[in-house]
Amino acid sequence: MPAPDAEPARRNGHRPAAQVAPTPTPADEVDTAATDEPTGTGGEPATDDPTGAGGEPATGGTRPAVSDRPGDQWDRRVANGLAFLRRRLSGDYEVDEFGFDPDLTDAVFHPLLRLLYRDWFRTEVTGVEHVPVDGPALVVGNHSGTVALDALILSAALHDKHPAHRYLRLLGADLVFRMPVVSEIARKTGGTVACNPDAERLLGGGELVGVFPEGFKGIGKLYADRYKLQRFGRGGFVSAALRTGTPIVPVAIVGGEEIYPMLADLKPLARLLKLPYFPVTPTFPWLGPLGMVPLPSKWLIEFCPPIPTAHLTDSADDPLVVFNLADQVRETIQQTLHTLLERRPDPFGP
């Protein structure tokens, strides 16, 4: 019969001794547990979670950690799913004044987006150290892709890769919040209408706020104009940052332009359906619902060094200052896009 600590020894790469090993001391157990690190952003619970993987109270750390066996991952998923249902049925979750539901976002939306950005798009994220660990920041990105998946992918990737796992509160167009199902999903995942009052309230509360100043001009442009930034509107996002003294973090996203390459825009049909554009892509509308499956392009996301605004709070209403700062952000993103495109010569490469 193997010694009680034979399995931990084998897991650490040591051959177990032939004789019966002494029972581990409490100090040995603590040291063994201390070597186990959290799994990080892969979606699995950390080993130092006081509640344990299955939602039950921990036993005080008296049992040495063991490696995963076949089926353990599924057991944890089932346990986490049951715990999630218990919280939803009992009302043991919080929703803020904007409708943001972190519990639902972590349990449902982020795992789905994780499959997209990690496995389908093979996304590489760099420069996340430029996003503050705490306090407010305005994250400004380029918009593309016919369907605004880039905003969702950015929010999920930032949450997973950031050391503090911060949420990105996205600002969306009015059309998003007039659509019945889409509006509910946007609110639950932390989105709100792209207006200065809401942006300033979020920034004033110390949140990360994400904005795409190109709007529909960015996601609705033709494939021939890919990665060419459109006009940044009137610079409302800059005014919100200036009034709150919030740093602006430009972010460049490469990969979104290839998921639904827009070859043409049927404007008469778009006006009939009251849409900003009606796209024609290589797969839509020819393949029907299958045309909504995004092509597996390779994505690169890079966060640029933050641009401080605390010294310009008195110039929030100065059009020249707002324009110059907006132009600086735009040029930073455009130059970073060129750099990322050189790193990714093949849009569908590994």
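Residues numbered from 1 in each chain as written. Predicted model: local features only at pLDDT ≥ 70, side-chain atom pairs only at ≥ 80, totals over all residues. Heavy atoms only, no water.

The protein appears in an unreviewed UniProt entry as Phospholipid/glycerol acyltransferase domain-containing protein from Micromonospora orduensis.

> An account of empty space enclosed by the protein is needed here, citing residue identities and associated values.
To find the voids left in a structure, one rolls a probe of water-molecule size over its atoms. Under the criterion given, the structure shown has one cavity of 30 Å³ or more. Forming the boundary of the largest cavity are Gly145, Thr146, Ile219, Lys221, Leu222, Tyr223, Glu257, Tyr260, Pro261 and Met262. Here the residues of the lining of the largest cavity sort into six nonpolar, two polar and two charged. (1 Å grid on protein atoms, 1.4 Å probe; cavity = no way out; pocket = protein on both sides within 12 Å on 5 of 7 lines; lining within 4 Å. Points joined across faces, edges and corners; volume = space filled by probe spheres on them. Nonpolar A, V, L, I, M, F, W, Y, C, P; charged D, E, K, R; others polar.)

> Describe the side chain of Thr105, and please don't skip the residues or the numbers.
You can see Thr105 is positioned in helix α4 (residues 102–120). Judged by its relative accessible area of 2%, Thr105 falls in the buried class. Setting aside residues up to four positions removed in sequence, Thr105 forms contacts with Phe100, His110, Pro111, Lys188 and Thr189. (Helix = DSSP H or I, 4+ residues; strand = E, 2+ residues; numbered from the N terminus. Buried < 20%, exposed > 50% of the residue type's maximum accessible area, 1.4 Å probe, protein only. Contact = heavy atoms within 4.5 Å.)

> Tell me about the sheet that holds strand β1 (residues 124–126), and name the residues and values.
The strands making up a sheet associate through backbone hydrogen bonding, with each pair oriented either parallel or antiparallel. Pairing is mixed across the open sheet formed by seven strands, whose spatial order is β1-β9-β6-β2-β5-β3-β4. Looking at which strands have only one partner, the edges of the open sheet turn out to be β1 and β4 (192–193). Strand direction decides the pairing type here: strand β3 (residues 168–172) and strand β5 (residues 208–211), joined by three bridges, are parallel. By the bridge assignment, Leu168 is partnered in β5 with Leu208. Contacts between helix α5 (residues 149–161) and the sheet are confined to β1, β2 (137–141), β3, β5, β6 (248–254) and β9 (300–303), with β3 contributing the most and set at about 170° to the helix. (Pairing = 2+ DSSP bridges. Axes fitted to C-alpha atoms, helices over the stretch in contact; angles between N-to-C directions.)

> Summarise the packing of aromatic side chains; cite the residues concerned and give the values.
Enumeration over the complete set of coordinates arrives at four aromatic pairs. Ring centres of Phe100 and Tyr167 lie 5.1 Å apart, and the angle between their planes is 75°; this geometry places the pair in the edge-to-face category. Linking Phe100 in the loop between α3 (72–90) and α4 with Tyr167 in the loop between α5 and β3, this pair joins segments that are 67 residues apart in sequence. Looking at Tyr167, the relative accessible area reads 21%, which means it is partly exposed. Where Phe121 meets Trp299, the ring centres are 4.8 Å apart and the plane angle is 20°; that geometry is what we call stacked. Here the residue Phe121 occupies a position in the loop between α4 and β1, and Trp299 occupies one in the loop between β8 (279–280) and β9, the gap between them amounting to 178 residues. On the basis of relative accessible area, Phe121 is assigned to the buried category, the value being 0%. (Phe/Tyr/Trp six-rings, centres within 6.5 Å; stacked < 30°, edge-to-face > 60°.)

> Go over a nonpolar patch on the surface with me, naming the residues and quoting the values.
Taken together, the side chains of Trp120, Trp286, Leu287, Leu290 and Val293 present a nonpolar region at the surface, about 560 Å² in accessible area. Assignment of secondary structure puts Trp286 in the loop between β8 and β9. Looking at Trp286, the relative accessible area reads 60%, which means it is exposed. (Patch = residues over 30% accessible without salt bridge, like charges linked within 9 Å, V, L, I, M, F, W, Y side chains within 5 Å. Areas by Shrake-Rupley, 256 points an atom, 1.4 Å probe, with all protein chains shown as cover. Salt bridge = Lys/Arg side-chain N within 4 Å of Asp/Glu carboxyl O.)

> An account of the environment of Val251 is needed here, citing residue identities and associated values.
Here Val251 lies in strand β6. Between the alpha carbons of Val251 and Pro305 there is a distance of 9.1 Å; along the sequence they are 54 residues apart. Discounting chain neighbours no more than four positions away, the residues touching Val251 are Val139, Val140, Gly141, Asn142, Leu154, Ile301, Glu302, Phe303 and Ile333.

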